[in-house]
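Coordinates in review
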Amino acid sequence: MSVVDRQEWDVVVVGAGGAGLRAAIEARERGARTAVICKSLFGKAHTVMAEGGIAAAMANANEHDTWQVHFRDTMRGGKFLNQWRMAELHAQEAPDRVWELETWGALFDRTKDGRISQRNFGGHEYPRLAHVGDRTGLELIRTLQQKIVALQQEDHRETGDYESRLKVFQECTVTRILKDGPRVSGVFAYERETGRFFVLEAPAVVVATGGIGKSFKVTSNSWEYTGDGHALALLAGAPLVNMEFVQFHPTGMVWPPSVKGILVTESVRGDGGVLRNSEGERFMFDYVPDVFKEKYAESEEEGDRWYEDPEHNRRPPELLPRDEVARAINAEVKAGRGSPHGGVFLDVSTRMPAEVIKRRLPSMYHQFKELADVDITAEAMEVGPTCHYVMGGISVDSDTAAARGVPGLFAAGEVAGGMHGSNRLGGNSLSDLLVFGRRAGLHAARYAEATDARPPVDEAEIDAAATEALRPFAAGPEENPYTLHQELQQAMNDLVGIIRRQGEMEQALERLAQLRARAARAGVEGHRQFNPGWHLALDLRNMLLVSECVARAALERTESRGGHTREDHPAMERAWRNVNLLCRLAEPPGDGAAIDLVRENTDPIRADLLALFEKEELVKYLAEEELYR
Ligand code: FAD
């Protein structure tokens, strides 16, 4: 059939965000010839948009901070559903990953005595986020890119070729992970500019493709986040875990409509910003749930004192984990106490001098000035929830980042599940992707080295992947991919959004089945040279699979926990604490279903980690049998 270029590598990393780049650096440093492939320009990943900072218990701003406190906060934030070994490794290794960035040239903001400055964020007991103003992700990506260039220069000195051991394929999309029997043999991809197909053969593939936000109408995510890695793993036979947990960040822009959903960083609240409703009330004091009551201020005065004297006061409830704040904003708007454009007010103008706001929150200042004509040094912002992050993802081994059930497949960063349980704390993604990006690269390199004979790539599999990719040209313009995408986003927003109900989710599943049938007839015109309609038609397969996982798991979990809120099951149920929901591809697809769902019990939490919590607190979370044990 089509003649397809092939190249041989030891490790292929799909994705050039923080997780992918950190994995690639590690794999190359361990001696593996490594290829990185990314959908957009090198350097333009989600990670570059990260604003607030990287969470790491370095104890620069508060000497009491330790990995144990960070672990505790992460487990509380995730409502104890976190893959606890991941949360442990993450808390232990995050400080080293931040120091390492400095040795590679990153420059974080400093404290007065010259240490890396750390700021407050929701759910973190101490100021813990290392940051560069509100442009931390940019510095992170710049540093990792610089490290990659340094490695390539080293390779050039030794081999005369910059790309002999580490090569970046930018603006290329992977559509299939190829397999030899049960194990990975490479990836099938196309160049977005030319439409040319090619294959990268490798015994080990690291998936680091980020999130799924583009399946929802209101989102902080950019065009690339169509759940590709989640779908690629499913199609390769790996399960996804706990896909019902989608994080709706409490503060996205709500006005003007063209920018609805764009993120307003949590640093605004971390640095003193307060939330008010249309009646001027700081309503968050009315929304502190029982599990957090002892840890949050009961009055505005106490909350305000905490910024100056955190030892003797409790933190303000604006700094509760994101799921709590998002639900509270939703409830205020629903109760008719919202702002003119359907959000609430977030104010820093009365809390900090204008020059401090411009220094600490420069991107926010420009974002509001340029996009909404609002001067945040003089007036309040209008904000509301926006789909931001997916906690669910590829089910991985905590230590090695190996995907379950598919030898040679690894996953790291937002595409991997487990680490954040039912809700991620702000700042814990950048640290997650550095910690587990490194681990994925390390173990992928080791795996590749231990593979005796390279797994062969089957010609028939390449032909099948090429036929699948070309199908939209054969279909004719019977269904329009843009219309299908809009309908999908609307359905997910309205029926599987921030507050969920059984009937609506059942309706969503019916709509998804119809959309899947229509997507099979989605056609495009023109040719393969940069054809966005064609690209979207291919992305639709991924968004539909992932959306079905979210809807099916959300319907199954009859409780409210973290990012998953059921109006018909409003309580967090201890009996669900140790239950994971696993999604696999249904083969053959059942009655309108592409996905099979099974329950699985989580591993018992290790006793020394449980001992970090008070018994009274554990009683609120753990299932009955876990408490007896
Ligand atoms: P990404 O950075 O999302 O990179 C994914 C890569 O995969 C990209 O290179 C993309 O091109 C590539 N890709 C995708 N599909 C394919 C395919 N099919 N083929 C080839 N390549 C593909 N977290 C924090 O911890 N702190 C913060 O302050 C913070 N602020 C944020 C602000 C915003 C506005 C947003 C949107 C998120 C923020 N987050 C923050 C979350 C965090 O930025 C992301 O979770 C994180 O960057 C994800 O990193 P990643 O490496 O997993 O993937």
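Residues numbered from 1 in each chain as written. Predicted model: local features only at pLDDT ≥ 70, side-chain atom pairs only at ≥ 80, totals over all residues.

**Let's talk about the overall build of the protein chain**
To keep it simple, the criterion reads: Strands are runs of DSSP state E lasting at least two residues, helices are runs of H or I lasting at least four, and both sets are numbered from the N terminus onward. Burial is judged by counting other C-beta atoms within 10 Å of a residue's own C-beta: 20 or more means buried, 12 or fewer means exposed, and anything between counts as partly exposed, with every C-beta placed from the backbone. We call two residues in contact when their backbone-placed C-beta atoms lie within 7 Å.
Summing up its helical and strand segments, the protein chain has 18 helices and 20 strands in all. When its C-alpha atoms are laid out on the principal axes, the protein chain stretches across 70 × 60 × 55 Å. When each of the 629 residues of the protein chain is scored for burial, the buried share is 55%. Sequence separation of 24 or more characterises 74% of the internal contacts of the protein chain that already satisfy a separation of 6 or more.

**Quick look at the site of the ligand**
Basically, it comes down to this: Each residue receives a C-beta atom placed from its backbone. It is near a molecule or strand if this atom lies within 6 Å of it. The classification used treats Ala, Val, Leu, Ile, Met, Phe, Trp, Tyr, Cys and Pro as nonpolar, Asp, Glu, Lys and Arg as charged, and all other residues, Gly among them, as polar.
Taken together, 41 residues form the shell around the ligand, and within it Gly-15, Gly-17, His-46, Gly-210 and Gly-413 come nearest. Those elements giving two or more residues to the shell around the ligand turn out to be helix 1 (18-29), helix 4 (136-159), strand 8 (172-180) and helix 11 (428-450). Top element by residues in the shell around the ligand is helix 11. It accounts for four residues. Split by residue class, the shell around the ligand holds 15 nonpolar, 21 polar and five charged.

**Quick look at the sheet that holds strand 3 (residues 34-37)**
Our working definition: By this definition, two strands are paired if DSSP reports at least two bridges between them. As a rule, the C-alpha atoms of each element are fitted with a line to give its axis, helices using only the stretch in contact, and angles between N-to-C directions run from 0 to 180 degrees.
Strand order in the open sheet formed by five strands is 7-3-2-11-18, and the pairing between neighbours is parallel. Each end of this open sheet is capped by a strand with a single partner; those strands are strand 7 (166-169) and strand 18 (409-411). Each strand of the sheet is rotated relative to its neighbour by a mean of 20°, with strand direction disregarded. Where strand 11 (residues 204-207) and strand 18 come together, three bridges link them in parallel fashion. Directly across from Val-206, in strand 18, lies its bridge partner Phe-410.

**What to know about the UniProt feature "active site" (unreviewed entry) in the protein chain**
Cut-off, in case you're wondering: UniProt positions are given in the numbering used here, feature names are shortened, and annotations may be inferred rather than shown by experiment.
If you check UniProt for "active site" (unreviewed entry), the listed places come out as Arg-322 in our numbering. With respect to the element layout, Arg-322 can be found in helix 8 (residues 322-334). Beyond its immediate chain neighbours, meaning those up to four positions away, Arg-322 contacts Gly-122, Gln-247, His-249, Pro-250, Asn-423 and Gly-426.

**Notes on the pairing of strand 8**
Counting buried residues in strand 8 gives eight out of nine residues, a clear majority hidden from the surface. Summarising the sheet, strand 8 and strand 9 (residues 183-191) pair through eight bridges and their orientation is antiparallel. Along strand 9, the bridge assignment pairs Ile-177 with Val-187. Hairpin connection, strand 8 to strand 9: the antiparallel pair is bridged by two residues, and Gly-181 has positive phi, about 60°.

**Structural notes on the nonpolar core**
How we decide: The nonpolar core criterion groups buried Ala, Val, Leu, Ile, Met, Phe, Trp, Tyr and Cys residues into a set whenever they are joined through C-beta atoms within 7 Å.
With 183 residues, the main nonpolar core has Val-11, Val-206, Ala-411 and Ala-412 as its most contacted residues. Among the elements that take part in this core, helix 15 (residues 532-556) stands out by supplying 15 residues, more than any other. Apart from residues no more than four positions distant in its own chain, Val-206 is found in contact with Val-11, Val-13, Val-14, Ala-23, Phe-410, Ala-412, Ala-440, Gly-441 and Ala-444.

**Topic: helix 1**
Under the convention used in this document: By this rule, a helix spans an expected 1.5 Å times one less than how many residues it contains.
Given a rise of 1.5 Å per residue, twelve residues ought to cover 16 Å, and the 16 Å separating the end C-alpha atoms of helix 1 matches this to within 8%. Here helix 1 lies mainly inside the structure; eleven of its twelve residues are buried. Those residues of helix 1 that fall on the buried side of the exposure criterion are Gly-18, Ala-19, Gly-20, Leu-21, Arg-22, Ala-23, Ala-24, Ile-25, Glu-26, Ala-27 and Arg-28. Looking at the packing, one finds that the buried side of helix 1 touches strand 2 (11-14), strand 3, helix 4, strand 7, strand 11 and helix 11.

**Observations concerning the sheet that holds strand 19 (residues 579-585)**
The four strands are arranged 17-12-19-20 in an open sheet whose pairing can be described as antiparallel. Looking at which strands have only one partner, the edges of the open sheet turn out to be strand 17 (393-394) and strand 20 (595-601). As defined by bridge partners, strand 12 (residues 240-241) adjoins strand 17 across two bridges and the pair is classed as antiparallel. Bridged to Val-241 within strand 17 is Gly-393. Packing of helix 15 onto the sheet brings it into contact with strand 12, strand 19 and strand 20, and relative to strand 20 it is tilted by some 45°.

**Some points on helix 8**
Residues that lie three or four places apart on an α-helix share one face, since the helix turns once every 3.6 residues. Taking 1.5 Å of rise per residue, the 13 residues of helix 8 would be expected to cover 18 Å, and the 18 Å separating its terminal C-alpha atoms lies within 8% of that figure. Every buried residue of helix 8 is accounted for by Arg-322, Asp-323, Glu-324, Val-325, Ala-326, Arg-327, Ala-328, Ile-329, Asn-330 and Glu-332. Looking at the buried residues of helix 8, the elements they touch are strand 13 (246-253), strand 15 (344-347) and strand 16 (381-390). The first or second residue beyond helix 8 is Gly-336, which carries a positive phi of 85°.

**Some points on the environment of Gly-211**
Residue position: Gly-211 is located in the loop between strand 11 and helix 5 (228-236). Put simply, Gly-211 and Met-253 are 42 residues apart on the chain and 20 Å apart in space, counted from C-alpha to C-alpha. Sequence-distant contacts of Gly-211, that is, excluding residues within four places in its chain, are made with His-46, Asn-221, Tyr-225, Tyr-389, Val-390 and Glu-414.

**Regarding the environment of Tyr-447**
Along the chain, Tyr-447 turns up in helix 11. Taking the C-beta count within 10 Å as the criterion, Tyr-447 has 22 such neighbours and is therefore assigned buried. Those residues in contact with Tyr-447 that sit more than four places away from it in its chain are Pro-203, Ala-204 and Gly-408.

**Some details on unusual backbone geometry**
Cis peptide bonds are those with omega within 30 degrees of zero, and the linkage from Trp-255 to Pro-256 qualifies with -5°. By the secondary structure assignment, Pro-256 is in the loop between strand 13 and helix 6 (267-270). If you check the backbone angles, Glu-171 has positive phi at about 55° while not being a glycine. In this structure, Glu-171 sits in the loop between strand 7 and strand 8. Non-glycine residue Asn-242 carries a positive phi angle of around 50°. Checked against the element boundaries, Asn-242 lands in the loop between strand 12 and strand 13.

**Focus on the confidence of the model for the protein chain**
Going by this rule: For every residue, the predictor reports its confidence as pLDDT, a number between 0 and 100.
The share of residues in the protein chain with pLDDT of 70 or more is 99%, and the mean pLDDT across the chain is 95. Overall fold confidence (pTM) sits at 0.94, and the ipTM for the predicted complex is 0.99.

**As for the packing of helix 1 against helix 4**
Where we set the bar: Angles are sorted into four bins: roughly parallel if under 35 degrees, roughly antiparallel if over 145, roughly perpendicular if 65 to 115, and oblique for all others. Left-handed describes a crossing whose near helix is turned anticlockwise from the far helix through less than a right angle; right-handed describes the clockwise counterpart.
At a minimum axis distance of 10 Å, the contact between helix 1 and helix 4 shows a crossing angle of 25°. When the axes of helix 1 and helix 4 are compared, the pair comes out roughly parallel. Seen along the crossing, helix 1 lies across helix 4 with a hand that is left-handed. Here Gly-18, Leu-21, Arg-22, Ala-24, Ile-25 and Arg-28 of helix 1 come into contact with helix 4, specifically with Leu-140, Ile-141, Leu-144, Gln-145, Lys-147, Ile-148 and Leu-151. For the contact of helix 1 with helix 4, the per-class residue count stands at eight nonpolar, two polar and three charged.

**Some remarks on the pairing of strand 11**
By the alternation rule, side chains of strand 11 split into Ala-204 and Val-206 and Val-205 and Val-207, which are all buried. Strand direction decides the pairing type here: strand 2 and strand 11, joined by four bridges, are parallel. Bridging across to strand 11, Val-11 finds its partner in Ala-204.

**Quick notes on the environment of Asn-531**
Within the secondary structure, Asn-531 is located in the loop between helix 14 (502-519) and helix 15. The partly exposed category is assigned to Asn-531, around which 17 C-beta atoms lie within 10 Å. Counting along the chain gives 43 residues from Asn-531 to Leu-488, while the straight-line C-alpha distance between them is 21 Å.

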